[in-house]
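Reading the structure
Chain residues, written in single-letter form:
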Amino acid sequence: MNVARKQLNTIKIFHAKLLDTLKRHQNDLANNYNQDIERLKLEQESLKAQVETELARLKKQKIQTGNDINIEVKSSIDDVNKEEISAVKTIANDNIDVKKNNQTIKTEKKQKKNNQAVPAKSTITTPVDFGRLDLRVAKILSASKHPNADALYVETIDVGEEKPRNVVSGLVKFVPLEEMSNRMVVLLCNLKPSKIRGVLSEAMVMCASSPEHVEILEPPPGSVPGDYINVDGYTRAPDKVLKVFEEIAQDLKTDENLQATYKGIPWTVADKGAVVAKSLKNIKIK
């Protein structure tokens, strides 16, 4: 019996070492639990082998308490397995929570970065005034009747660019064909090109216009194709494609001196003079 008790104590010591080893390693599982679990399993197998060796030796000696020892040891090993599994689950859950928190932080940082990267919409608006018109001196090189419309001319006009522009004008009833060619005009150059009765028109000839009479505006003497038309007090900054002409046109008209004006201020070509109509006073320009 003394020998059996001694062997039992030895087994308990092994068991205590096993528990102590497991508890000691559980604290380190958070850093690298997969490796620790494998190491614990190896140690468990080693200790288990030692316990089984002792049990086998006790059985050979036919010691009655062997069954009790076997039951106690098996129960202890089962307890160790349960503790090990519980520890692994706890660490795994902690790691999942950490990953979720990290992902949330990354998402918040990304959203913050995106918010910072998107500039605030500008509240500055461009004034709707004469400066948005691309008005230039031009010369009609040739003119002919529109092939599909009796009231329209088709003109080839030099506006100081690499090649002339094609323009369609409704001037047949007001200007004889022989007066259209080789004359200086003012051209609005930033309207959107469009087809008029099947012919492309890339600009508009500016005229003083009433229901009964229309006169082509005349640049000052000495003007050449490409000269800019200006109005004092308004900076020239033409739109690429003008969409507000009708609003601006409300303030375009000739004055008592036959000068083309915007809000009463004459249209001019720098150092050359004012744009004028031939005879129409106080008439809308379009």
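Basis of the calculations
Residues numbered from 1 in each chain as written. Predicted model: local features only at pLDDT ≥ 70, side-chain atom pairs only at ≥ 80, totals over all residues. Heavy atoms only, no water. Helix = DSSP H or I, 4+ residues; strand = E, 2+ residues; numbered from the N terminus. Buried < 20%, exposed > 50% of the residue type's maximum accessible area, 1.4 Å probe, protein only. Contact = heavy atoms within 4.5 Å. Areas by Shrake-Rupley, 256 points an atom, 1.4 Å probe, with all protein chains shown as cover. Pairing = 2+ DSSP bridges. Salt bridge = Lys/Arg side-chain N within 4 Å of Asp/Glu carboxyl O. pLDDT = per-residue confidence, 0-100. Phe/Tyr/Trp six-rings, centres within 6.5 Å; stacked < 30°, edge-to-face > 60°.

Here we come to the overall build of the protein chain. Across its full length, the protein chain carries four helices and 14 strands. When each of the 286 residues of the protein chain is scored for burial, the buried share is 36%. Here the analysis covers contacts within the protein chain between residues at least 6 apart in sequence; of these, 67% occur between residues at least 24 apart. Accessible surface for the protein chain amounts to roughly 18000 Å². Of this, 50% is attributable to carbon and sulfur atoms.

The next thing to look at is the sheet that holds strand β2 (residues 153–158). Strand order in the open sheet made by the five strands is β3-β2-β1-β4-β7, with antiparallel pairing throughout. What marks the edges here is a single partner per strand, and that holds for β3 (165–169) and β7 (204–205). Two elements, strand β1 (residues 135–145) and β2, share six bridges in a ladder whose sense is antiparallel. Pairing of alanine 143 across the sheet is with glutamate 155, part of β2.

Attention now goes to the pattern of salt bridges. The final tally for this structure, using the stated rule, is six salt bridges. Ionic pairing is found between glutamate 161 and arginine 136, a salt bridge with its closest N-O pair at 3.2 Å. Here the residue glutamate 161 occupies a position in the loop between β2 and β3, and arginine 136 occupies one in strand β1, the gap between them amounting to 25 residues. Under the relative-accessibility criterion, arginine 136 is labelled buried at 12%. We note a salt bridge from lysine 272 to aspartate 227, for which the minimum N-O separation is 2.7 Å. In this pair, lysine 272 sits in the loop between β13 (268–269) and β14 (273–274) while aspartate 227 sits in the loop between β9 (214–216) and α4 (245–249), placing the two residues 45 residues apart along the sequence. Shared partners join several salt bridges into a network, and the residues in it are Asp134, Arg136, Glu161, Arg165 and Arg236.

Moving on, we get to the side chain of aspartate 239. Tracing the backbone shows aspartate 239 in the loop between β9 and α4. Of the residues examined, aspartate 239 reaches a relative accessible area of 17% and is grouped as buried. If we skip the residues at most four places from it in the chain, aspartate 239 touches Arg132, Asn190 and Val244.

Turning next to the confidence of the model for the protein chain. On average, residues of the protein chain score 81 in pLDDT, and 67% of them are at 70 or above. The model gives residues 65–77 a pLDDT under 50, and that stretch makes 16 contacts with residues more than four places away or in other chains.

This brings us to the packing of aromatic side chains. We describe a pair of aromatic rings using the distance from one ring centre to the other and the angle between the two ring planes. The tally for this structure, following the rule as stated, stands at three aromatic pairs. Between tyrosine 234 and tyrosine 262, the ring centres sit 5.0 Å apart and the planes meet at 80°, which makes this aromatic pair edge-to-face. With tyrosine 234 in the loop between β9 and α4 and tyrosine 262 in strand β11 (residues 260–262), the pair connects residues that are 28 residues apart, well separated along the chain. With relative accessibility at 24%, the residue tyrosine 234 sits in the partly exposed group. In this structure tyrosine 262 comes out as buried when scored by relative accessible area, which is 1%.

Moving on to the environment of glutamate 52. Following the sequence through the fold, glutamate 52 ends up in helix α2 (residues 29–60). Considering only alpha carbons, one finds glutamate 52 and isoleucine 11, 41 residues apart in sequence, at a separation of 9.6 Å.

Strand order in the open sheet made by the three strands is β10-β11-β12, with antiparallel pairing throughout. Looking at which strands have only one partner, the edges of the open sheet turn out to be β10 (252–254) and β12 (265–266). Sheet topology note: the β11/β12 ladder contains two bridges and is antiparallel. By the bridge assignment, tyrosine 262 is partnered in β12 with isoleucine 265.

Both faces of the sheet carry side chains from a regular strand, because those side chains alternate between them. Burial runs high along strand β4 (residues 183–188): five of the six residues are buried. Judged from the six bridges that link them, β1 and β4 form a sheet pairing that is antiparallel. Residue pairing for β4: arginine 136 is matched across the bridge by leucine 187. Two elements, β4 and β7, share two bridges in a ladder whose sense is antiparallel. Among the inter-strand pairings, leucine 187 is bridged to a residue of β7, identified as valine 205.

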